[in-house]
Amino acid sequence: MKRVFITVLDGAGAGWLPDAARYGDEGASTIAHVVERCHPALPNMARLGLGQIEPLGYPADAGAVGAFGLCREMSAGKDTTTGHWEISGLRLERPFPTFPNGFPRDFLDRFEAAIGHKTIGNKAASGTAILDELGGEHMRTHAPIVYTSADSVFQIAAHEDLVPPEKLYEYCRAARKILTGRHAVGRVIARPFVGTPGNFTRTANRHDFSLEAPGATLLDMVSGAGQSVIAVGKISDIFAGRGVTSARFTHSNAEGMAEMMRAVREDFRGLCFVNLVDYDMLYGHRRDPEGYARALNAFDDFLPSFLAGMREDDVLMVTADHGCDPSYPKTTDHTREYTPWLIAGAGVRAGSLGTRDGFAHIAATVADLLGVPYSGACESLRGEILR
């Protein structure tokens, strides 16, 4: 095959994993709960086999033409970086550190010295709630708001009128340099916002600064073989830019899908790796199943035009990196779930791939399809996927 497109529906989990109770996530099932509650029409994903994946609860299409299955995360954790790294071939034995009680004082002292300013916050909080709580104080003192969540993140929020995004990114780079060793969180995230007290809103100028992957990823392997790696959305951020030949940053699912259409019209050989973030950021964390359903509808409506633009030697894979169930009552954070794996293309053989242990089967299969030497976890399913 000449080109493979991997599209990650960020947070679109497919049912709780056997070890979900260890994470407090037993009973979470992102797509199934959205389908059950909101009944989105997803005929095009069903045509690829979505309905044949029984735990998702969507009606099966007897004429499905895609390959379909589930992937079980083998790495410890349930965050974006871990999920994407495993999709790219890396299995992590230990989860990234989390700081539910805030970051240690010795780190904050070093960080504040590096940016020349005191900070406020330093606790686990919802990104919108902490603006309601501390946004006014930030406006008075100009002190950046720092916070975390159940995920391995260090987030810095600042008003764009007081701290322009580029300055906020400098703060994040300073934090990323210090957050190593026992403090090596998966991501440092810039969270710029605008507005006035009682009416603050986060802007689309979010930027993630990820820890660099500890081993070779699919992106390294494909680009190292002289092929293209087009990174759409936050993919380049997640991989700290490594292995990326073309980074295309987006602010929404709509922009991400527009970049997918742009890429499918281009003449390249290699991988186009896409993250569509709205499922997680706008709807999962904010407990909005109706918005989640609309976003699934939008992607489903987009699929026919994208599939029509694919060539005979193209393959599309649709998957996820973790769950983020908008109907789950126990948490507003990510949920430990299986992920769907839908595969389409003129050369793809329809049928079930079952449940596979390891997201890295995706990386192994993509490398095999592109004829690239592979050194990561899991095995290729090329022989099961192609006609």
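Along each chain, numbering runs from 1 in the same order as the chain's sequence is written. Reporting of local features is limited, given that this is a predicted model, to residues whose pLDDT is at least 70; pairs of side-chain atoms are given and counted only at 80 or more, and all residues count toward the totals for whole chains, interfaces and linings. In computing side-chain properties, one takes all heavy atoms of the structure into account and sets aside hydrogens as well as water.

K.L.:
How would you summarise the sheet that holds strand β13 (residues 339-344) if you had to cite specific residues and measurements?
P.N.:
DSSP bridges decide pairing: two strands pair if at least two such bridges lie between them. We count a stretch as a helix when DSSP gives it H or I for four or more residues in a row; a strand needs E for two or more, and each element gets its number in order from the N terminus. With respect to topology, eight strands assemble into an open sheet ordered β10-β9-β11-β1-β12-β13-β2-β14, the strand pairing being mixed. Each of the sheet's edge strands pairs with one partner strand only, and the pair in question is β10 (246-248) and β14 (351-357). The mean angle between the axes of side-by-side strands here comes to 15°, regardless of whether they run parallel or antiparallel. Note: strand β1 (residues 3-9) against strand β11 (residues 270-276), seven bridges, orientation parallel. Pairing of Phe-5 across the sheet is with Cys-272, part of β11. For helices, the fitted axis covers only the stretch in contact; all axes are lines through C-alpha atoms, and the angles between them, taken along N-to-C directions, range from 0 to 180 degrees.

K.L.:
Give me the nonpolar core: which residues, what numbers.
P.N.:
Residues Leu-9, Met-45, Phe-299 and Phe-306 are the most contacted members of the largest nonpolar core, which totals 46 residues. Among the elements that line this core, the one with the most residues is helix α11 (residues 289-309), at eight residues. Sequence-distant contacts of Phe-306, that is, excluding residues within four places in its chain, are made with Phe-5, Met-260, Met-261, Val-264 and Leu-316. Val-4, Cys-71, Ala-213 and Trp-341 belong to the second largest nonpolar core, which has 39 residues in total. Working definition of a nonpolar core: buried Ala, Val, Leu, Ile, Met, Phe, Trp, Tyr and Cys residues. They are joined through side-chain atoms within 4.5 Å. For each residue, the accessible area found with a 1.4 Å probe, counting protein chains only, is set against the maximum for its type, and the residue is called buried under 20%, exposed over 50%, and partly exposed in between. Contact definition: two residues touch when any of their heavy atoms are within 4.5 Å.

K.L.:
Please give an account of the state of the cysteines that cites residues and values.
P.N.:
Between two cysteines, a covalent bond joining their sulfur atoms is known as a disulfide. Criterion for a disulfide: a pair of cysteine sulfur atoms within 2.5 Å. Taken as a whole, this structure holds zero disulfides when the rule is applied. The cysteine Cys-38 is free of any disulfide, with Cys-324 supplying the nearest cysteine sulfur at 15 Å. Assessed through its relative accessible area of 21%, Cys-38 is described here as partly exposed.

K.L.:
Talk me through the environment of Gly-309; I want residue IDs and the actual numbers.
P.N.:
Tracing the sequence through the fold places Gly-309 in helix α11. Given a relative accessible area of 29%, Gly-309 falls into the partly exposed group. In contact with Gly-309, other than residues within four places in its own chain, are Arg-3 and Val-264.

K.L.:
Could you give an account of the packing of aromatic side chains, naming the residues involved and the relevant values?
P.N.:
Aromatic pairs are defined between Phe, Tyr and Trp rings, using the six-membered ring for Trp, whenever the two ring centres lie within 6.5 Å; interplanar angles under 30 degrees are classed as stacked, those over 60 as edge-to-face, and all others as tilted. One pass over the structure, following the stated rule, counts 15 aromatic pairs. On the basis of an interplanar angle of 80° and a centroid distance of 5.9 Å, the ring pair of Phe-5 and Phe-268 is categorised as edge-to-face. With a gap of 263 residues between them, Phe-5 in strand β1 and Phe-268 in the loop between α9 (253-264) and β11 connect regions that are remote in the sequence. The pair Phe-5 / Phe-268 is uniform in exposure class, with both members buried.

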